[in-house]
Amino acid sequence: MASLLGLINFYKKDYSKALYYYDDGIRRLQIYSKANKDYLTNSPFVLLNLLHWKVWCLNEMYDKNPNLSLLYESKKTLNLMEEVWIRYSNQIFYSKASFNYSDYSDCPYTDLLNLNYKLYQFTKKNIYLNNFFEYNEKLRYSGLIHNYVINKNYPGVKTNIKLMEQYETFMFKTNKNSDFSSQATLVNTNSKNEQIFLKKLRSNLISIEEIQNKLSHEDAMIVYNMIGNHNKRHIATIITKNKVELLDLKIKEEELSTIDIDTLLSYLHNNSLDQFKKESYSIYKKIFYPISKKIPHAIKKITIVPSPILANLPFDLLITTPFSKNKNEAPRYLVKKYAINYIISPSIDKIILPKTNNNIFSVYLPSSSNHGLPKLTTAFKNGKDIINTYDAKGFIDTNATRKNFVNSLRQDKSIAVLTHGKSDNDETTNTKGIYFSDSFLNMDAIYKLSSSTELLILGACETNIGFKSTEGTINLGRAFTAIGVKSMLLSSWAIDEQSSIQIIRSFLKYLDAGYTKSEALQKAKLDYLATASPRTANPLYWAGLNITGNNENIRLQERNYWWWGFGILSVFIGVVLIAYYKFYSKK
């Protein structure tokens, strides 16, 4: 009843009365039971929503009359909301595959993101900028981070149920004596064990300072977010070696949505190139041009952490100059200026499983005959050449089985799979996957595996497509990341076989030459464009493959530099001995 009365008064814009009813509802929801002296709640979801509505109300009051005290009141409420959310989230994040299906009305991190953005804009204190980034990390792929933290801190616990129980006990055992009949008590976060856990959680989240320490003067990271309550808008966090900036892109949600991105890509598939060029430049002007004016000229490599709306947009295909009707004038794509890779979360890149010790490169060339799919003749032929060129471990035709691939995931450093794949934008997970000679490996099965692979090349269709939740895209990339794969080459649509294998071969050449993954892929795409016909220069043929995850270089062939050194030394000694012999022979 309190929540209903609060909402009625909220929509009447009687915010003081709405706050009264929200506070009354919070007090009435008993999460302390004097009977059994335990921390519990009959309905954490209801409490979370009451707290969310209260913050919503405070936001409306702030928008009408900006006041720092209102922001601090929101902060108190959201600190409480985070406590309740941690317990509630155990019910929904019970495995690596778990994520929040809702629009996050019950999750505090969206509100905490908005709050710290306002606090930073109001005060310009760096603590709020750091808090903004921290809550952004907690929001992105919350289910994965939740499970990573639990498994890292409770390695002896085997089952998900036990993980949840031990996690809850650790988090809340010292709250038994808290009387949650008043908000003042609810906000109490002085529990020693809770503070220990929060420190462990924060130690797993990467900080801005850590990111800057890893960046060179040629690197930048751009993190896209949506902020706001009713009228959400796009903002970007720009991180370079020596500077961090929060940039309001001044684009409302209705001015750039998933529909706009899908429309852009549909122009490619329909070969409507003039419309594509106009829309591509329009999107560039909205989401990248303002950023390009902020980053130093020395920047050559950019890591993008996309918002869910931008998750399947290859930035490479954005056109940086206005539309021209001159058919002989080639578009200036963003790929010509920057080497770009994507990560789903900087923190996940930090805490992912350890690297493998071996240097095995495995290549899978499955047969498609058992599945009634077209034979990938070009991929099959070039795949054999790749095996020979890099002395790779080949799994061809009937040997390219699901079982062998699972074994390779556990122990091999690099894996390439040239096969068929399929995905879609809905919530189902059993229909998204890749084909092997004997079976179809879907997301449900992937989540049950483990991996130490550093690079997984999926030369298959639609591997980056998935369901767009608020915490990120639920796709094959997320599934392989969840089991420990550090980086992947994924496709944003049904890719062309011939152009894709050409780009993959060139990518491997540059990767093995010592370039980072994004640099190797950039060079491979530029090589392709240099010889492409007007028809195949369409981004549909070359922009669909992109790097997700860690961007470090990885060598595909074992190099024994000791033998190189020994050989050079031997030649040097030989030259010296010959010279010595000739000199004394003349005497």
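Everything here concerns the structure above.
Not measured: the values here are computed from a predicted model.

## Points about unusual backbone geometry
Stage number 1. Residues other than glycine seldom take positive phi values, yet Lys 124 does so here, at roughly 60°.
Stage number 2. Structurally, Lys 124 is set in the loop between helix H5 (108-123) and helix H6 (126-139).
Stage number 3. The phi angle at Asp 397 is positive, at roughly 55°, despite the residue not being glycine.
Stage number 4. Within the secondary structure, Asp 397 is located in strand E9 (residues 393-397).

## Side note on the sheet that holds strand E12 (residues 433-435)
Stage number 1. Reading across the sheet, the three strands line up as E11-E12-E13 and stay open at both edges, with antiparallel pairing between neighbours. Each edge of the open sheet carries a strand with a single partner, namely strand E11 (421-422) and strand E13 (440-442).
Stage number 2. Bridge analysis of E11 against E12 gives two bridges, and the strand direction is antiparallel. Bridge pairing in E12 links Gly 421 to Ile 434.

## Here's the deal with a positive patch on the surface
Stage number 1. Together, Lys 285, Lys 293, Arg 332, Lys 336 and Lys 337 make up a region of like positive charge exposed at the surface.
Stage number 2. If you trace the backbone, Lys 336 turns up in the loop between strand E6 (301-305) and strand E7 (339-342).

## Digging into the packing of helix H3 (residues 44-64) against H5
Stage number 1. Look at H3 against H5: their axes get within 11 Å of each other, and the N-to-C directions meet at 25°. If you check the angle between H3 and H5, you find them roughly parallel. Here the hand of the crossing between H3 and H5 comes out left-handed. Of H5, the residues touching H3 (which contributes His 52, Val 55, Asn 59, Tyr 62 and Asp 63) are Asp 111, Lys 118 and Phe 122.
Stage number 2. Looking at side-chain class alone, the contact of H3 with H5 contains three nonpolar, two polar and three charged residues.

## Re the nonpolar core
Stage number 1. By size, the foremost hydrophobic cluster in this structure holds 76 residues, and its most contacted members are Tyr 224, Ile 287, Phe 288, Leu 313, Phe 315, Leu 317 and Phe 507.
Stage number 2. Counting residues per element, this core draws most heavily on helix H20 (residues 497-512), which supplies seven residues.
Stage number 3. Setting aside residues no more than four positions away along its own chain, Phe 315 makes contact with Tyr 224, Ile 287, Phe 288, Ile 304, Leu 310, Leu 334, Ile 340 and Tyr 342.

## Considering the pairing of strand E8 (residues 361-366)
Stage number 1. With six of six residues buried, E8 lies mostly within the body of the structure.
Stage number 2. Side chains Phe 361, Val 363 and Leu 365 of E8 all project onto a buried face; the interleaved residues Ser 362, Tyr 364 and Pro 366 project onto the opposite face, where all are buried too.
Stage number 3. With four bridges connecting them, E8 and strand E10 (residues 414-418) associate as parallel partners. Note on E10: the bridge partner recorded for Val 363 is Ala 416.
Stage number 4. In the sheet, E8 pairs with E9 via five bridges, with the strands oriented parallel. Across the sheet, residue Val 363 finds its bridge partner in E9, namely Gly 394.
Stage number 5. Once the chain exits E8 it traverses helix H16 (residues 377-389) before rejoining the sheet at E9, and the crossover so formed is right-handed.

## Brief notes about the pattern of salt bridges
Stage number 1. A full pass over the atoms with the stated rule returns 17 salt bridges.
Stage number 2. Among the salt bridges present, the one from Arg 233 reaches Asp 248, with a minimum N-O distance of 2.8 Å. Placement of Arg 233 in strand E4 (residues 233-240) and of Asp 248 in strand E5 (residues 244-252) is noted, with a sequence separation of 15 residues between them.
Stage number 3. For Lys 432, the salt bridge is made with Asp 424, and the minimal N-O distance between the two is 2.9 Å.
Stage number 4. Put simply, Asp 23, Lys 54 and Glu 73 are held in one network by salt bridges that share partners.

What counts, and where the lines are drawn
Residues numbered from 1 in each chain as written. Predicted model: local features only at pLDDT ≥ 70, side-chain atom pairs only at ≥ 80, totals over all residues. Heavy atoms only, no water. Helix = DSSP H or I, 4+ residues; strand = E, 2+ residues; numbered from the N terminus. Pairing = 2+ DSSP bridges. Patch = residues over 30% accessible without salt bridge, like charges linked within 9 Å, V, L, I, M, F, W, Y side chains within 5 Å. Areas by Shrake-Rupley, 256 points an atom, 1.4 Å probe, with all protein chains shown as cover. Salt bridge = Lys/Arg side-chain N within 4 Å of Asp/Glu carboxyl O. Lys, Arg positive; Asp, Glu negative; His and termini not counted. Charge placed at Lys NZ, Arg CZ, Asp CG, Glu CD. Axes fitted to C-alpha atoms, helices over the stretch in contact; angles between N-to-C directions. Parallel < 35°, antiparallel > 145°, perpendicular 65-115°, else oblique. Left-handed = near helix turned anticlockwise from the far one by under 90°. Contact = heavy atoms within 4.5 Å. Nonpolar A, V, L, I, M, F, W, Y, C, P; charged D, E, K, R; others polar. Core = buried A, V, L, I, M, F, W, Y, C linked by side-chain atoms within 4.5 Å. Buried < 20%, exposed > 50% of the residue type's maximum accessible area, 1.4 Å probe, protein only. Right-handed = clockwise from strand over helix to strand, strands pointing away.

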